[in-house]
There are 2 protein chains.
Amino acid sequence: MSVSLKDVAERAGVSIKTVSNVVNNYPHVTPAMRSRVQRAIDELGYRPNLTARHLRKGRTGILALAVPELGNPYFAELAGAVIDAAAEHDYTVLLDHTGGRRAQEVLVSQGFRAQVIDGLILSPIELEREDLLARDHDAPLVLLGEREYDLPYDHIAIDNVAAARTAVRHLLGLGRSRIVFLGARTDRVNQPSQLRLRGWRAELTAAGLTAPDSLVAATGGWEHADGASAMAAVLDAGERPDAVFAYNDPIAIGAMRVLSERGLRVPEDVAVVGFDDISEGRYGAVTLTTISPDKHTIARLAVRCVVERLRGEPGPAGTDGITGPGGARELRADFRLVERESTIGGRARTAG
Amino acid sequence: MSVSLKDVAERAGVSIKTVSNVVNNYPHVTPAMRSRVQRAIDELGYRPNLTARHLRKGRTGILALAVPELGNPYFAELAGAVIDAAAEHDYTVLLDHTGGRRAQEVLVSQGFRAQVIDGLILSPIELEREDLLARDHDAPLVLLGEREYDLPYDHIAIDNVAAARTAVRHLLGLGRSRIVFLGARTDRVNQPSQLRLRGWRAELTAAGLTAPDSLVAATGGWEHADGASAMAAVLDAGERPDAVFAYNDPIAIGAMRVLSERGLRVPEDVAVVGFDDISEGRYGAVTLTTISPDKHTIARLAVRCVVERLRGEPGPAGTDGITGPGGARELRADFRLVERESTIGGRARTAG
DNA sequence: TTGAAAGCGCTAACAG
DNA sequence: CTGTTAGCGCTTTCAA
């Protein structure tokens, strides 16, 4: 087995407590004692047993992050940002993926991997209000992605309606008027998809245009293939859109593929805007205009929320958020529109 | 606090040990006693404290997986596969990313996150033989990605040389002869990049062609931008290649972008083959021919190796591997060439 | 088949 | 400033 505090104590001829004090940088230790103990530590190659420490303190130093799918670059990039943000607070991240399936999301929120984690950051897709109400687990939970819960959980998102309106406004400003929304989800409410659809509708209406259902295309999932088939369905239905606003980048890219197969030029015939700003969008034959959420801020805020709850200091909502029911915080991260070839054309070399 | 074994024992009027027996499905417990204890467990909502259990047993049930970059879809997809494979063995995965930086890789291999993990799966980029020799940590380590170590660590990879030869052979079969290798790394040995370059050279030579250095382009990194700039550099140098074999898919896609900017058609003027088979390659304007490593097998083998070492049963190397120094196993996963538009042209609708 | 007790390695009171 | 002691919740001898 590995060396323990006791071994070090014996070696240094002091008590366990003293060694512990040194290890934990307890202030009131004489320099002489400290160096003596330190030498024993070095000689024995002592390293604290975190499991024991955690048992004692009741915490593990591990946060879980559950996203729908790691294969989606947006979530992969977000996960990377969360890992880095957690490291700054001396937390380690345990990653999980739910496939966006409600059953799996419920499992995770209930603390499936629990007992091992201090807190949980969850990016739900299908999770319902009632699932959260039934949650019986004391680890702090922070939700990612906007939804209209009135539940006592901290909650971090960009303003999806505003972001969608920004995207649509951009298209309108380019003189487009038949703008398809690709990636609606009809079987659930409260999801980002619904909010983006709402933004699409609001902006069209504000411009004095109609927002017919024939321009709203549902998708079964959120990947390239889903965007491709939805786009094909719209065209096959005889629609002649002059622009597409997609739920996310993979859907937008799948759609562009189909447009080009059908001989439609992007952006001349059909302009396309995506959502998420994944790196893939920066290097296609036609680079993708997209809404870029501030992933690093999202990650930082999420980790901060969990850590503060853990410390028992929920703190004020701050300037960037409002306090909701049960002291839950609604935090907003920024977003911006990144204009690339799929809307404004041009052919900048290896555009950024 | 949560309920402990003791609480359950009191409630059921039995000893702690008996409750423990029930929880752990110890065989010799009378059905009557079992159901009585089980009722107490249910009533109190008891859940075992894993930290305590782990302290006692000396294991945590957590495996770490360290990859260079989660933002690279290949590693994100691989990570997902590892998480699933680990779950089958009741292990949880803690994810880390090293940025492919040697210092970070050394840190991780030394057990930076250690004391918390039972085993480690590492996909190194810059890690050197000597770093591993100096490793002083008892958690089993499994290496991902082929390299020519003679070190006592299990090791899982596809045959990079053979894969590269397959790719180049495909291009030669299409009548191409000036095949650029994009993504060489000159500053290190022992890396997959070196092996793929070797395969490229071997296949060209076998075909009676020369393999001039002017057709080998180094890249600073492994992303789209690196492929784009390397491709541009080759063209700017006055080379007129009729094919490109890229170290990985992002590099290949970055290169295709530049080719198209320069008015070169893919595959008519320049055929392109990538490596990794990331989903992005299936939906560009021109879908990407690529080498597809069997990620699920890699993940499954890696987890199996760690778990077996943990159980102290390294087992035979099996039919798919050979035993190396110190009983280390060299396991091979399969790969296959996926032919798409970037080499064979065509315009199948939303090709798979 | 079940109970009692020891102890994994650490931290936190409380003494000294 | 440092030592003693008592657990955190669990598994695991060893008895009964």
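This one's a predicted model, so the numbers in the text were calculated from it and none came from an experiment.

Asker: Honestly, the sheet that holds strand E6 (residues 179-184) of chain A in this entry has me stumped. Any pointers?
Answerer: Either a parallel or an antiparallel arrangement is found when strands of a sheet pair, and the pairing is made through backbone hydrogen bonds. All names here are of chain A. Read across the open sheet, the six strands follow the order E7-E6-E8-E9-E10-E13; overall the sheet is mixed. Here the strands that pair on one side only, and so sit at the sheet edges, are strand E7 (216-218) and strand E13 (335-338). Across the sheet, the axes of successive neighbouring strands diverge by a mean angle of 20°, strand direction being ignored. Where E6 lies against strand E8 (residues 243-246), four bridges are found, and the strand directions are parallel. By the bridge assignment for E8, Phe-181 is matched with Phe-245. The sheet contacts of helix H9 (residues 192-206) involve E6, E7, E8 and strand E9 (271-275), and relative to E6 the element is tilted by about 165°. Each of E6, E8, E9 and strand E10 (289-293) touches helix H11 (residues 249-261); the most contacted strand, E9, lies at about 155° to it.

Asker: Explain the protein's contact with DNA strand D here, please?
Answerer: Looking at DNA strand D, there are 24 residues lining it, with Thr-18 of chain A together with Leu-5, Tyr-46, Arg-53 and Arg-56 of chain B nearest. A share of 68% is what sugar and phosphate atoms reach among the atoms of DNA strand D within 4 Å of the protein. Ser-20 of chain B is positioned with one of its side-chain polar atoms (N or O) 3.2 Å from a phosphate oxygen of DNA strand D. One of the backbone N or O atoms of Asn-49 of chain B is found 2.9 Å from a phosphate oxygen in DNA strand D. Of all the elements in the fold, those that place two or more residues in the surface near DNA strand D are helix H2 (16-23) and helix H4 (50-57) of chain A together with helix H2 (16-23) and helix H4 (50-57) of chain B. Counting residues per element, the surface near DNA strand D draws most heavily on H4 of chain B, which supplies four residues.

Asker: Looking at this structure, I do not really get the relation of the copies chain A and chain B. What am I missing?
Answerer: One copy of the chain maps onto the second through a rotation about an axis and a displacement along it. In screw terms, the move from chain A to chain B is a rotation of 180° and a rise of 0.1 Å along the axis, fitting with an RMSD of 0.2 Å. Taken together, the rotation and translation describe the operation of a two-fold axis. Closest to the rotation axis within chain A is the C-alpha of Leu-94 of chain A, separated from it by 2.2 Å. When the interface residues of chain A are mapped onto chain B, 100% of them again lie at the interface, so the same face is used by both copies.

Asker: Could you clarify how one ought to interpret the pairing of E9 of chain A in this entry?
Answerer: The two faces of the sheet receive side chains in turn, since in a regular strand these alternate between them. Residue and element names in this part refer to chain A. Counted residue by residue, E9 has five buried out of five residues, so it is predominantly covered. Where burial is concerned, the two faces of E9 agree: the one with Ala-271, Val-273 and Phe-275 and the one with Val-272 and Gly-274 are both buried. As for the winding sense of the linkage, the β-α-β connection from E8 through H11 to E9 is right-handed. The sheet contact formed by E9 and E10 spans three bridges and is parallel. Along E10, the bridge assignment pairs Gly-274 with Thr-290.

Asker: When you look at the domain arrangement of chain A in this model, what are you seeing that I'm missing?
Answerer: For interface size, the figure often reported is the accessible area lost on association. In terms of domain boundaries, chain A breaks down into domain 1 (5-48), domain 2 (60-158 + 295-315) and domain 3 (160-293 + 337-349). Centre-to-centre separation of domain 1 of chain A and domain 3 of chain A, based on C-alpha positions: 62 Å.

Asker: Could you clarify how one ought to interpret the interface of chain A and chain B in this entry?
Answerer: With 56 residues of chain A in contact, the opposing surface of chain B contributes 56 residues. Summed over both sides, the interface between chain A and chain B buries roughly 4,500 Å², with carbon and sulfur atoms accounting for 58% of that surface. One salt bridge connects Glu-341 of chain A with Arg-257 of chain B, and the closest N-O pair in it is separated by 2.4 Å. The tally of links from chain A across to chain B stands at eight residue pairs in polar contact (both at pLDDT 80 or more). Elements that contribute at least two residues to the side of chain A that touches chain B include exactly H4, helix H5 (73-88), strand E2 (92-97), helix H10 (224-236) and H11 of chain A. Top element by residues in the side of chain A that touches chain B is H5 of chain A. It accounts for seven residues. Residue classes in the side of chain A that touches chain B are distributed as 24 nonpolar, 19 polar and 13 charged.

What counts, and where the lines are drawn
Residues numbered from 1 in each chain as written. Chains lettered and ligands numbered in written order. Predicted model: local features only at pLDDT ≥ 70, side-chain atom pairs only at ≥ 80, totals over all residues. Heavy atoms only, no water. Pairing = 2+ DSSP bridges. Helix = DSSP H or I, 4+ residues; strand = E, 2+ residues; numbered from the N terminus. Axes fitted to C-alpha atoms, helices over the stretch in contact; angles between N-to-C directions. Contact = heavy atoms within 4.5 Å. Near = heavy atom within 4 Å. Polar contact = N/O pair within 3.5 Å; in protein donor to acceptor, adjacent residues only side chain to side chain. Least-squares fit on C-alpha atoms with pLDDT ≥ 70 in both. Buried < 20%, exposed > 50% of the residue type's maximum accessible area, 1.4 Å probe, protein only. Right-handed = clockwise from strand over helix to strand, strands pointing away. Domains from an automatic or database assignment. Buried area = accessible area lost by both parts, 1.4 Å probe. Salt bridge = Lys/Arg side-chain N within 4 Å of Asp/Glu carboxyl O. Nonpolar A, V, L, I, M, F, W, Y, C, P; charged D, E, K, R; others polar.

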